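Working through the structure, step by step
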Amino acid sequence: MELINGKELAKKIREELKLEVEELKKQEIKPKLAVIMVGDDKASEVYVRNKSKACNEIGIEFEEFLMDKNTKQEELINLINKLNQRKDIHGILLQSPIPNHLNIREAFNTINYTKDVDGFNPINVGKLSIGEDSFISCTPYGVIKMLEEYNIPLEGKRAVIIGRSNIVGKPLIQCLLNKNATVTICHSKTKNIEEITREADILIAALGKPKFVKEDMVKENAVVIDVGINRNEEGKIVGDVDFENVSKKASYITPVPGGVGPMTIAMLMNNVVKAAKNIELKNK
Ligand code: NAP
């Protein structure tokens, strides 16, 4: 079994991006990310801090917009429209969750697709589905990057995804299809899920249920990617895969923490640099 070290790989990507940003700055291109946070969700504060740190390390400029939890939809949309117009900002990210009274879909749809570094705007989702260059949602993008970097062949392979969310499971279908895998996606209404997962050459768990994937659900020598981030009873972070037992059977496996998680931020940084290049180089 070989461990897929997301932490190391993410570090390598961030170092490469740092060099790229230094080069861009010589051409007066200064990539900049704007992050909007509404309310005071504690977990979101940590995520935003981590994004800010990553930007800082790479040389990407970062501006945070904190909005009160009672913010009106119109105020949020107005801010996004202003950021869409600002020439110095290349990437816009709305940190979720936002308070329930707000319509997050409308907000995501308002972010101009050229600055949509999270890949949630329907234009980017559509472009991905027809195989055009687009911003890919950072977690699925991180998963595909890991598979690429470890030279794991996808063509003709049977890939099974557990979880059909808009941010992870669904974009993964397209990413894997684009690599010529045969893709099956499972969800909470899927019957006899273990019969399907046992057929997977590549099994991706993204459902948010601690240690859901057990040894008997996995084929011998399968590649197992664990997207899940859950807290167990002791407050420890665990994935969706029973790592201890599944790792005995897998050919490759990602750990939690240190697997997909660090890749997500690295791919966000990658998307900000890409947005800056797309916007600025087009204008030159
Ligand atoms: P989500 O929106 O809650 O979606 C969960 C999906 O899993 C749904 O499609 C659901 O099916 C399916 N599901 C739930 N229970 C199931 C079961 N018993 N059997 C089969 N399918 C089941 O979750 P998400 O946002 O995609 O996140 C999934 C996990 O990934 C979470 O642990 C989250 O923390 C983690 N995550 C990690 C990163 C990272 O950077 N590593 C990024 C994003 C998310 P239905 O559609 O039928 O309800």
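See above for the structure.
Quantities reported herein were computed from a predicted structural model and do not represent experimental measurements.

Attention now moves to the sheet that holds strand S1 (residues 2-3). Strand order in this open sheet of six strands is S1-S11-S8-S7-S5-S6, and the pairing throughout is parallel. At either end of the open sheet lies a strand with only one pairing partner, and these are S1 and strand S6 (182-186). Bridge analysis of strand S7 (residues 202-205) against strand S8 (residues 223-226) gives four bridges, and the strand direction is parallel. The residue bridging Ile202 from the neighbouring strand is Val223, located in S8. Docked against the sheet, helix H7 (residues 169-178) engages strand S5 (158-162), S6 and S7, running at close to 170 degrees with respect to S6.

A few words now on the site of the ligand. Around the ligand there are 22 residues in total, and Arg164, Ser165, Ser188, Ile229 and Thr264 lie nearest to it. Ser165 is positioned such that a nitrogen or oxygen atom in its side chain is 2.5 Å from an oxygen atom of the ligand. Separating an oxygen atom of the ligand from a side-chain N or O atom of Thr264 is a distance of 2.8 Å. Taking 920 Å² as the accessible area of the ligand by itself, protein coverage stands at 71%. Counting residues per element, the shell around the ligand draws most heavily on helix H10 (residues 260-283), at three residues.

Calculation rules
- Residues numbered from 1 in each chain as written.
- Predicted model: local features only at pLDDT ≥ 70, side-chain atom pairs only at ≥ 80, totals over all residues.
- Heavy atoms only, no water.
- Pairing = 2+ DSSP bridges.
- Helix = DSSP H or I, 4+ residues; strand = E, 2+ residues; numbered from the N terminus.
- Contact = heavy atoms within 4.5 Å.
- Axes fitted to C-alpha atoms, helices over the stretch in contact; angles between N-to-C directions.
- Near = heavy atom within 4 Å.
- Polar contact = N/O pair within 3.5 Å; in protein donor to acceptor, adjacent residues only side chain to side chain.
- Areas by Shrake-Rupley, 256 points an atom, 1.4 Å probe, with all protein chains shown as cover.

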